[in-house]
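Secondary and tertiary structure notes
The lines below spell out each chain.
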Amino acid sequence: MISLKSLWRNLFRGAEFERNLSDELAFYADLLTQEKISRGMSATDARREALVEIGGIEQVKEEVRDVRAGSSWDGVFKDVRQSVRSLWHSRGWTALAIGTLGIGLGATILIFSIFYGILLQPMPFRNPGRLVQLWEARAAKGWDQAGFSRPNFWDVRARSTAFESMGAMVGSNMNLTGSGNPEHLSAAVVSAQFFHVLGVTPILGRDFGPLQDQPGHNHDVVLLSSRFWQSRFAGSRKVLGTKLHLDNHAYTVIGVLPNGEPWLNAGDVFVPMVYDPKEDDRGNFEATVIGRLAPGVTISAARAELQSIAQGLSKTYREDRGMGVRVAQSEIWRADASLRRALWVLLGAVSLLLLIACVNIANLLLAKASARSRELCLRQALGASRHRIIRLVLSESLLLGFLGAALGLMITEWGLAAIRFAGLSGIPNAANIHVNGWVLGFALAVTVLSGTISGLMPAIQFSSGNIAAALRESDRTQTASRTQNRGRTVLVAVEVALSMILLIGASLLMRSFGKLLSVNRGFATANRVIATVNIPLNYDDARAATITGTLLERVRALPGVHAAGTVNSTPIVGWDPGMGFGAEDSAQTVDGKVPWASWRFISTGYLHSMGIPLLKGRQFVDSDFDRQKVRRVIVSQSIVNLLWPGKDPIGRHIILWKGQGNDAAEVIGVAGNTRDHGLAQDPTRIVYIPFVGQTNSPAQLIVDGTLSPAQVASSLRSILASIDPQIPVSGVETMGELVRSTLGSKRLDAALLSTFALIALLLSMTGIYGVLSYSVARRTAEIGIRVALGADRIAILSLIVREGMQPILIGIAIGLAGSLAITRLMAGLLFEVKPFDIASYATVTVLIVTTALIACWLPARRALRVDPAAALREA
Amino acid sequence: MSGASNLLQGTLDLLILKALALEEMHGLGISRRIGQITNNTFDVKPGSLFPALHRMEQAGWLSSSWGESENNRRARYYRLTKAGQRQLGVEREQWDRISMAIASALRAM
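The rules we used
- Residues numbered from 1 in each chain as written.
- Chains lettered and ligands numbered in written order.
- Predicted model: local features only at pLDDT ≥ 70, side-chain atom pairs only at ≥ 80, totals over all residues.
- Helix = DSSP H or I, 4+ residues; strand = E, 2+ residues; numbered from the N terminus.
- Buried ≥ 20, exposed ≤ 12 C-beta atoms within 10 Å, placed from the backbone.
- Contact = placed C-beta atoms within 7 Å.
- Core = buried A, V, L, I, M, F, W, Y, C linked by C-beta atoms within 7 Å.
- Pairing = 2+ DSSP bridges.
- Nonpolar A, V, L, I, M, F, W, Y, C, P; charged D, E, K, R; others polar.
- Axes fitted to C-alpha atoms, helices over the stretch in contact; angles between N-to-C directions.
- Parallel < 35°, antiparallel > 145°, perpendicular 65-115°, else oblique.
- Left-handed = near helix turned anticlockwise from the far one by under 90°.
- Expected span 1.5 Å × (residues − 1).
- Arc of directions from axis to C-beta.
- pLDDT = per-residue confidence, 0-100.

1. Describing the overall build of chain B
Tallying secondary structure elements over chain B gives four helices and three strands in all. Going residue by residue from the N terminus, the α and β elements of chain B occur as α-β-α-α-β-β-α. A total of 109 residues make up chain B; the buried ones form 31% of that total. Within chain B, residue pairs in contact and separated by at least 24 positions form 51% of the contacts whose partners lie at least 6 positions apart.

2. Concerning the overall build of chain A
From N to C terminus, chain A includes 26 helices and 22 strands. By residue count, 42% of the 875 residues in chain A fall in the buried class. Restricting the contact set of chain A to residue pairs at least 6 apart, pairs at least 24 apart contribute 83%.

3. A few points about the nonpolar core
All names here are of chain A. In this structure, Leu353, Leu502, Phe756 and Ala760 are the most contacted members of the largest nonpolar core, which totals 100 residues. Per-element accounting of this core gives the leading share, 19 residues, to helix 11 (residues 337–371). Sequence-distant contacts of Leu502, defined by excluding residues within four places in its chain, comprise Ala349, Leu352, Leu353, Phe756, Ala757 and Ala760. Judged by nonpolar contacts, the second largest core, of 57 residues, contains Leu552, Ile634, Ile639 and Leu720.

4. What to know about the sheet that holds strand 3 (residues 74–80) of chain B
The strands that make up a sheet are held in pairs by hydrogen bonds between backbone atoms, and each pair lies either parallel or antiparallel. All names here are of chain B. The antiparallel open sheet is built from three strands, whose spatial order is 1-3-2. The sheet terminates laterally at strand 1 (25–26) and strand 2 (62–68), the two strands that pair on one side only. Relative to strand 3, strand 2 runs antiparallel, the two being bridged by seven bridges. Looking at the pairing, Glu68 lines up with Arg74 of strand 3.

5. Here's the deal with unusual backbone geometry
Non-glycine residue Asn127 of chain A carries a positive phi angle of around 40°. Note on placement: Asn127 of chain A falls in the loop between helix 6 (91–120) and strand 1 (131–138). Here Asn39 of chain B, not a glycine, exhibits a phi torsion of approximately 50°, which is positive. Among the secondary structure elements, Asn39 of chain B is positioned in the loop between helix 2 (27–37) and helix 3 (46–58). Asn39 of chain B gets classed as exposed once you count the C-beta atoms within 10 Å, which come to 7.

6. Looking at the interface of chain B and chain A
In this assembly, 17 residues from chain B lie in contact with 19 residues from chain A. Sorting the residues of the side of chain B that touches chain A by element identifies helix 2, helix 3 and strand 3 of chain B as the ones contributing at least two each. Ranked by residue count, the leading element in the side of chain B that touches chain A is helix 3 of chain B, at seven residues. Within the side of chain B that touches chain A, the residues separate by chemical class into seven nonpolar, five polar and five charged.

7. Quick word on the pairing of strand 8 (residues 249–256) of chain A
All names here are of chain A. As paired elements, strand 5 (residues 204–205) and strand 8 share two bridges and run antiparallel to each other. Across the sheet, Gly205 pairs through a bridge with Gly255, a residue of strand 8. Judged from the four bridges that link them, strand 6 (residues 221–224) and strand 8 form a sheet pairing that is parallel. Paired with Leu223 across the strands is Gly255, a residue of strand 8. Two elements, strand 7 (residues 243–246) and strand 8, share four bridges in a ladder whose sense is antiparallel. Within strand 8, the position partnered with Leu244 by the bridge is Tyr251. Connecting strand 7 to the antiparallel partner strand 8 that follows it, the hairpin turn spans two residues, and Asp247 within it adopts a positive phi of roughly 45°.

8. Digging into the packing of helix 4 (residues 57–67) of chain A against helix 3 of chain B
At their nearest, the axes of helix 4 of chain A and helix 3 of chain B sit 9 Å apart, and the two run at 25° to each other. When the axis of helix 4 of chain A is compared with that of helix 3 of chain B, the two are roughly parallel. Both helix 4 of chain A and helix 3 of chain B take part in a crossing whose hand is right-handed. For the pair helix 4 of chain A and helix 3 of chain B, the contacting residues are Gln59, Val60, Glu63, Val64 and Val67 of chain A in the first and Pro46, Gly47, Phe50, Pro51, His54 and Arg55 of chain B in the second. Partitioning the contact of helix 4 of chain A with helix 3 of chain B into residue classes produces six nonpolar, three polar and two charged.

9. Points about helix 20 (residues 709–723) of chain A
All names here are of chain A. Taking 1.5 Å of rise per residue, 15 residues should cover 21 Å, and helix 20 covers 21 Å from first to last C-alpha, within 8% of that figure. Those residues of helix 20 lying buried are Val712, Ser715, Leu716 and Leu720. Taken end-on, helix 20 shows its buried residues confined to a sector of 125°, consistent with a single buried face. When the buried face of helix 20 is taken as reference, the exposed residues oriented beyond 90 degrees from it are Ala710, Ser718 and Ser722. Its buried side turned inward, helix 20 meets strand 12 (528–533), helix 17 (541–556), strand 21 (699–705) and strand 22 (729–734).

10. A short note on helix 10 (residues 299–316) of chain A
Residues and elements named next belong to chain A. Taking 1.5 Å as the rise per residue, helix 10 with 18 residues should run 26 Å; its terminal C-alpha atoms sit 26 Å apart, in good agreement. Those residues of helix 10 that sit buried are Ala302, Leu306, Ile309, Ala310 and Leu313. Buried residues of helix 10, seen end-on, are gathered within an arc of 105° and therefore sit on one face of the element. In helix 10, the exposed positions that point more than 90 degrees away from the buried face belong to Ser300, Ala304, Ser308 and Lys315.

11. So, the packing of helix 24 (residues 793–823) of chain A against helix 25 (residues 838–864) of chain A
Residues and elements named next belong to chain A. Viewed as axis vectors pointing N to C, helix 24 and helix 25 meet at an angle of 150°, and their least axial separation amounts to 9 Å. Viewed along their axes, helix 24 and helix 25 adopt a mutual orientation that is roughly antiparallel. For the crossing formed where helix 24 meets helix 25, the hand is right-handed. For the pair formed by helix 24 and helix 25, the contact residues are Arg793, Ile796, Leu797, Ile800, Val801, Gly804, Met805, Ile808, Ile812 and Leu816 on the first element and Tyr841, Thr845, Ile848, Ala852, Cys856, Pro859, Ala860, Ala863 and Leu864 on the second. Here the contact of helix 24 with helix 25 is built from residues that sort into 16 nonpolar, two polar and one charged.

12. Focus: the pairing of strand 9 (residues 269–272) of chain A
All names here are of chain A. Of the two faces of strand 9, the one lined by Val269 and Val271 and the one lined by Phe270 and Pro272 are each fully buried. Direction of pairing for strand 4 (residues 183–190) relative to strand 9: parallel, over a ladder of four bridges. Across the sheet, Ala188 pairs through a bridge with Phe270, a residue of strand 9. Direction of pairing for strand 6 relative to strand 9: antiparallel, over a ladder of two bridges. Bridging across to strand 9, Leu223 finds its partner in Phe270.

13. Describing the confidence of the model for chain B
Residue and element names in this part refer to chain B. Scored by pLDDT, chain B comes out at a mean of 82, with 90% of its residues at no less than 70. The secondary structure element of chain B with the lowest average pLDDT is helix 1 (residues 9–19), at 83, and the one with the highest is strand 1, at 89. Segment residues 1–6: pLDDT under 50, and 12 contacts once partners within four positions in sequence are set aside and those in other chains are kept. Interface confidence for the predicted complex, expressed as ipTM, amounts to 0.84; the pTM equals 0.69.

14. Considering the environment of Ala583 of chain A
Residue and element names in this part refer to chain A. Along the chain, Ala583 turns up in strand 14 (residues 578–583). Judged by local crowding, Ala583 falls into the buried class, with 20 C-beta atoms found within 10 Å. Considering only alpha carbons, one finds Ala583 and Lys658, 75 residues apart in sequence, at a separation of 9.8 Å.

As structure tokens, then:
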């Protein structure tokens, strides 16, 4: 047992202890001398023999110190003091090392905090492991992830026993009126138990009652999202019980939900979804359905039960034919597959970056330590044990690690602030990403790890050194010893290989991103402004059509407007309604299934306003909007290619909503293909249908012209104020912004990865530069001799460059092999770029060789300036 | 440096405990006493003696105090504590077992 008293004594009364130890040993030596004198020896001889017998007082002291309780602590304090002194002594070197580690650690901690915030942070729900999401599927039609139709949700909920509770949500929009300008709110219509399923209770007021979705109960109640409550009501508790006028109907505020992702900010306001026994549209797959598994029920048991319920529905209702249900655990709410992969790639990339930083530090420590090798060996000769030396070097690298971590945490905070500020759409839940306890724990762990990695190699190399050889080796020795050189050569090769992998990965992503930006979208973005005009759901079609018509007429009359049109869903980011389709005159299938197409309700002028070319036939005119016996439609080229390849499609009939409504329509025009699902997706098959009405709500208005979004917004407001002051304008932005927002995660990936790769390149080049200039400095005398013996500049230059380039070429070879293996994992993140993209590989190789030549050339130039006479005198 | 290499660590502890069993002593005294009781078989050098003394003090078997030596010098005296006396018993028992075991092993040959 180590007594506290002696620990205390050893730690804090070190000076007294040292004095006592000296006294004790001096007394021993004196007594021994006395003994020898009394046996007849001369005083000098007795003294000398006594000291020989003791075997070195300092060594004995060192051994006693080693057994002292707390000696390790005391030693650590001493080592840290010594490290601080030595770091302070070489401030420039220290700043370089801290900067290097700080960047490496900062990048790693930043990415980990994002990784944690998205993939690891517990979701704000009770026992999320028991939560699942459900989708309708029709295997025969080739889709398995559609929302539920409302009647199917009510039926499945009523028949299922595998779930403790089930809830549904339908996204919607509502206009808030009654106080100043009308405001467009995002609304979610939820079944009574939706938040009960999640295990979320309101932070203020109460949840919907369990029967609030049943007929006969009070449905004019509303829950607010925390975000809306804060922004609109400044977090006032008085909001409870007040009335909100939503779509001209009064709702009473009964509660406020907590903040969190997902679902809890799905709408500004949440209103009850009401069960309507007469509702029978099972073709509208609009509801997001979630459920909490009943205790003891496995997900596969639930799946089996849902399958049999679906089979029952499939027999009863025509639109449910072939119905299946897909079930997935709530884990998928955190991030989609591509974001997950991107996060892993980034985490891998920063690990490589950190490793490069560590290798650089190891290199710097080696260079510094070899200058100190005489000091370290002297310490060893004076009795410092091997592990003391290792500890000394490690304490220095760990100290560097902690200083670097402090800088790294600052970089993390700046990075997170920048991400929050930029509001990058690529990072969901960005507001909830913070440096928290877990992130700090991670930071501590990587700091210790990287400090150890950096210090271990120098520590081992120096503690295993031959004392006598090192002491003989003078400061002016011409070349570094072979082992030291080999150690640094290996480090440089490792650095180059790691940077190469990072650079190739980054270059692949950049090229993929460039392709994505330049891909033929099929629609124009320049000079286009988009705005949402939300026509209330309780207006009938005729009223909505009149409003839209008047609005378009007035907008087109504005100076600077070339074209304007409306569509029922926002291009690329919006809801993408679809249907089965086919030709009336031929039975065309895709893989034995009915082909699927998106549909868009558009006004006149939409194709113009979007810059979508008309390839054949004609545009819609006003008469096409009157109720026709046979609808007239414009289809995309991809539909023509599928149904009537090589034939003239104009005048032919297409079946819309095949298997549901089976409406026939006449093709009057063919439009160019567009990438309306997202830029990385294949061109979308689209049927453009002439329709403006209530179903068109909210209408997306696209304006082609020279107006800025602000001008469009104010013009629209004043026009609408004269048409119908209840209708708000929202979401005004340029099409360019809209497209960029869909590239958020890809842009983030490409930007972060390139930054990391460039930092890695810079670090490894400073590594190469450092190693070479150090070796040149040590070889000054040797070079002087060579010059004196007649070596010319070319010979000297090639000597230095060859030495410098050798590890680089080895590193490039390893890096190429590593990249081939690793970039294959990135295939899913790339668009029209193969993982083995020769252009990327070639560019990166040339880049590394070029920068490496520069890094070699700078020290080599110094070698050329060596004055042989001076060099030799110095030697 | 390490004179302990020819002396099992446990043996050194046992000898120090035994040497201090009668009276308190300073470092050289302990060393001489061990020489005397082992018929000069063991010559404990300061390089192993002092680390052992400090280690055993930390273990609570010994306590030390500063006193006057026979020639009026300030000297550090070590003495057995209660725990040290117990430890002496334990170590002696262990040693007996080991030496009997070794002896019987040698006889068996």
